[in-house]
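Chain and residue survey
Here is how the chains run, residue by residue.
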Amino acid sequence: MYANDDIPGKFISGSTCLVVAISVLLSMLFPQPVSGQTSETTASSVLEEIVVTARKREENLQDTPVAISAFSGEALEFRGVTKIDRLADFTPNLVLRASPTNAGVTNASAYIRGVGHNDFSPGVDPGVGVYVDGVYLGRSVGALLDTVDIDRIEVLRGPQGTLFGRNTIGGAINIHTKRPDDELGGSVDIRFGTDSRLNVRGSLNVPVSDELFTRFSIASLRQDGYVHRINDGNKDLGDDDTIVARFSARWTPSDALEINFSGDYTRDRENGPAQVLTGVDPLATMVLSHNVFFDGTGTFNPFTCFGEANARNPNCYNEQWISTDRDSDYGEGPNYANLDMWSGAITIDWDLHENLHVRSISSFRRSDGEFSIDRDSSPLLITNVLDLFEQEQYTQELQLLGNALDNRVEWILGFYYFHEEGEDINPVEFSAVDLISGMEFESESWAVFGHGTYNLTDELSVTVGFRYTEDDKEYSPNQTFTRLPLSPFGIFFPCLEPVLHNCEIGDLILPLETTKVSANEFVPMANISYRWNDSLLTYFTYSEGFKSGGATQRIFPPEPSLPTFNPEFVESYEVGFKFNGWNDRLRLNVAAFYTDYTDLQLLVSGPPRIGAFIETAGEAEIKGVEMELSASPAEGWLIAASAGYIDPEFTELAVNPDGTPRVPNVTLDSRFEHISEWTGNAQMQKDIFLGEWGTLTPRVEWIYRSDYFTNDNNFNVPELFQDDYHLVNISARWDFRNTGVSVTGGVDNVGDKNYRVTGSYQAGFGQYLEIFDRGRQWYVNLNYSF
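Residues numbered from 1 in each chain as written. Predicted model: local features only at pLDDT ≥ 70, side-chain atom pairs only at ≥ 80, totals over all residues. Heavy atoms only, no water.

1. Looking at the overall build of the protein
- The helix and strand inventory of the protein stands at four helices and 46 strands.
- Every one of the 786 residues in the protein was classed for burial, and the buried ones make up 58%.
- Contacts spanning at least 24 positions in sequence make up 68% of the contacts within the protein whose residues lie at least 6 apart.
- Entry remark: accessible area of the protein is about 31500 Å², with carbon and sulfur atoms responsible for 56%. (Helix = DSSP H or I, 4+ residues; strand = E, 2+ residues; numbered from the N terminus. Buried < 20%, exposed > 50% of the residue type's maximum accessible area, 1.4 Å probe, protein only. Contact = heavy atoms within 4.5 Å. Areas by Shrake-Rupley, 256 points an atom, 1.4 Å probe, with all protein chains shown as cover.)

Encoded structure:
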């Protein structure tokens, strides 16, 4: 085994040799035709050219030396994708899922190449940036977006610290919506299916004049839940009830100036996550249940709920409330998830000169949410959690793009500003105590950045970039006790202000003071690429990134100050090639990477606190390989495949000054939660031409993930382990010739695999909570475009 200092060099040198050897072999086996050569391939069997903006300018995917997965809106529609979490099914080394993360919040939990974060709390930032038309979404709440009126989505793998900034150390998901154009047209589609699913979407493009164009889109997305609340017959968990509306306008007063405006609104009114109780640890839960202290007659008895005789005692919190069929919930506490989001953005593009361009992106976004969940999933009062969430953000980005030396140099300079403020007020009911947790927050960040590519020859290019960021945050907790226990033993909760004493109602859990967290960081990147011929591009990239520090808002018992944590950092080394051959009928992209991950932030659970908190865990290293292939072997055929391999491991764990572990329940042998060693996808479709009847396109897709742990609190629990699984999706679309009408029918998860999506276990609570996939789903989609 190599010493740690030797790993990047040996891994990259070995990977580079392998990448070059494979790419040269491909170039020999599948050459592109020489310039001017006539191809016998029909237009319909040539792969579509993909344009991306990973480097803040439009480029062909195969000419961009960055690991990118790019999907057009039409391709996503054909795959049946209605929400961006489905991207993880066919993007290598991407984890993207809805996770309540110890609450009832609609939260996007995202990891790319093993790096990301899963907590929604405003005290911690995401590790994968989500952007909509160039605008960064500062919070993961509500970031699991519906795919309404999408032009394309790009998944940028690896740290994007220079061009996209902080909090993109895993990568970025870049969403582009459709822009208005000069043609009157639109579309309407209706999708119905499993669990009374009814999705209605419409878009309309209206040119107002030769210079002004507008576009309207609206969607209503509804589906019943699939976890039934036994004690609340009118409510099923895991439902969808969403309304999305969007307006955009494009004004081109001259050939040199273009102004784009967009505004959107999203409304969610849902019953909360489809979370079920799958296990109970009685030794952990005995101190939480009121009925452990009182046996129903008022007599104290700590052993009331143990033994076979109490297996069905309704006053006991034990296995009787477990959802053995994984689709039922016995909770009686309030469960709901309400979220409203508004945003507006203006983008100005101005050609100052033939070789000089200015771009300004200004945006405002507001989110208001109210989320409640009965986390014990029983009729007893063990844990009820409410979150009252508000957030506003304003961003401004200025870019100056140019070319020089007969277009041999392409460069960009930029300035970025981000401001947000809000609050997450968090009333919590435990069996023994009630309290108000949460805090107000405000952050301000600004950055300057530069990025330039010098084409030394027609084949060899060198790119360098930098970003300097100043990041300042303020957190103001207001956490108090609202109910304290009554007990013949006088349970003691120590309060610290003004002196140590037994807590009383109204006492503070944290001092009423503002805590500041600041960081000043410089991140560089360097890339060298070589185009061997029209078919083959190889590259090497070194890049860095950081994720902001923050504070833990879930505090119990009382502490003398708000706990904070430092930024986390990555250094990434990547080699890859992009191959396009066989007369543009074959595309193969491969990347190998090594990541040095330091000061990583983990959401953990265990002593000295009850509940989950963020801690600086230590260091890790991650190695992996990714492959994406597209091929059109004959007219009307399309074959696509992807595979990802990743090997993350902890190399050092943080310790306290006294030498004790800082992170409970995590060891050097622990696996990263939610991360599979292998992911794979393959799909095949064929256009069958039916003459006057149009075109029929059947499609089959295979999805694979190797085993993984699912605990949101980031320590391995055998009860929250998912074995490897295979999924099969099938569909067929019939496009009626010259009518604009199409009908698509499909079945997802044909084998009805009941796999784990996420889970949660906290040592202080003893509850094993899990969310499983909905299972087999059928759908029929009717579309009319005009």
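2. A few points about the packing of aromatic side chains
- Within this structure, the stated rule accounts for 28 aromatic pairs.
- An angle of 55° between the planes, with centres 6.4 Å apart, marks the rings of Y394 and Y417 as tilted. Of this pair, Y394 sits in strand 22 (residues 383-404) while Y417 sits in strand 23 (residues 409-430), and the two are 23 residues apart along the sequence.
- Centroid distance Y784 to F786: 5.7 Å. Interplanar angle 25°. Geometry classified as stacked.
- Judged by relative accessible area, Y784 falls into the partly exposed class, the value being 41%.
- Three or more aromatic residues joined by ring pairs form one cluster here, namely Y131, Y136, F164 and F418.
- The ring of F164 is capped by K56, whose NZ or CZ atom sits 4.2 Å from the centre of that ring.
- Note that R79 overlies the ring of F90, its terminal NZ or CZ placed 4.0 Å from the centroid. (Phe/Tyr/Trp six-rings, centres within 6.5 Å; stacked < 30°, edge-to-face > 60°. Lys NZ or Arg CZ within 6 Å of the ring centre and 35° of its normal.)

3. Thoughts on the pattern of salt bridges
- Taken as a whole and assessed by the stated rule, the structure comprises 48 salt bridges.
- Put simply, E397 and K56 hold a salt bridge, and the shortest N to O gap is 3.7 Å. With E397 in strand 22 and K56 in the loop between strand 1 (51-52) and strand 2 (59-60), the pair connects residues that are 341 residues apart, well separated along the chain. One exposure class covers both E397 and K56, and it is buried.
- In this structure, R699 engages E701 in a salt bridge whose closest nitrogen and oxygen atoms are separated by 2.5 Å. The same class applies to R699 as to E701, namely buried. (Salt bridge = Lys/Arg side-chain N within 4 Å of Asp/Glu carboxyl O.)

4. Description of the sheet that holds strand 8 (residues 135-136)
- Pairing in this open sheet of five strands is mixed, and the strands run 3-9-10-7-8 from one edge to the other. Because the sheet does not close on itself, it has two edges, and the strands there are strand 3 (68-72) and strand 8.
- Looking at chain direction, strand 3 and strand 9 (residues 150-157) are connected through five bridges and run antiparallel. Bridge pairing in strand 9 links A70 to E154. (Pairing = 2+ DSSP bridges.)

5. Quick word on a nonpolar patch on the surface
- Judged by side-chain polarity, L184, V188, I190, F192, L198, V200, L204, F216, W778, L782, Y784 and F786 come together as a nonpolar surface patch covering roughly 1100 Å² of accessible area.
- For the nonpolar patch, the secondary structure elements donating two or more residues are strand 11 (185-193), strand 12 (197-207) and strand 46 (777-785).
- By secondary structure assignment, the location of F786 is in the segment after strand 46.
- Note on F786: relative accessible area 47%, which makes it partly exposed. (Patch = residues over 30% accessible without salt bridge, like charges linked within 9 Å, V, L, I, M, F, W, Y side chains within 5 Å.)

6. Description of the side chain of T758
- Tracing the backbone through its elements, the reader meets T758 in strand 44 (residues 756-761).
- In this structure the side chain of T758 is engaged in a polar contact, spanning 2.9 Å, whose partner is the side chain of R97.
- Residues in contact with T758, not counting those within four places in the same chain, are R97, A98, S99, P100, H674, T710, D712, L769, E770 and I771. (Polar contact = N/O pair within 3.5 Å; in protein donor to acceptor, adjacent residues only side chain to side chain.)

7. As for the pairing of strand 39 (residues 695-705)
- Sheet topology note: the strand 37 (residues 678-686)/strand 39 ladder contains seven bridges and is antiparallel. By the bridge assignment, Q683 is partnered in strand 39 with E701.
- Sheet topology places strand 38 (residues 688-689) next to strand 39; two bridges connect them, and they run antiparallel. Paired with I688 across the two strands is L696, which belongs to strand 39.
- Adjacent in sequence and paired antiparallel, strand 38 and strand 39 are bridged by five residues, among which G691 carries a positive phi angle near 65°.
- Bridging between strand 39 and strand 42 (residues 725-735) involves 11 bridges; their strand directions are antiparallel. Its bridge partner being in strand 42, V700 is matched across the sheet by I730.

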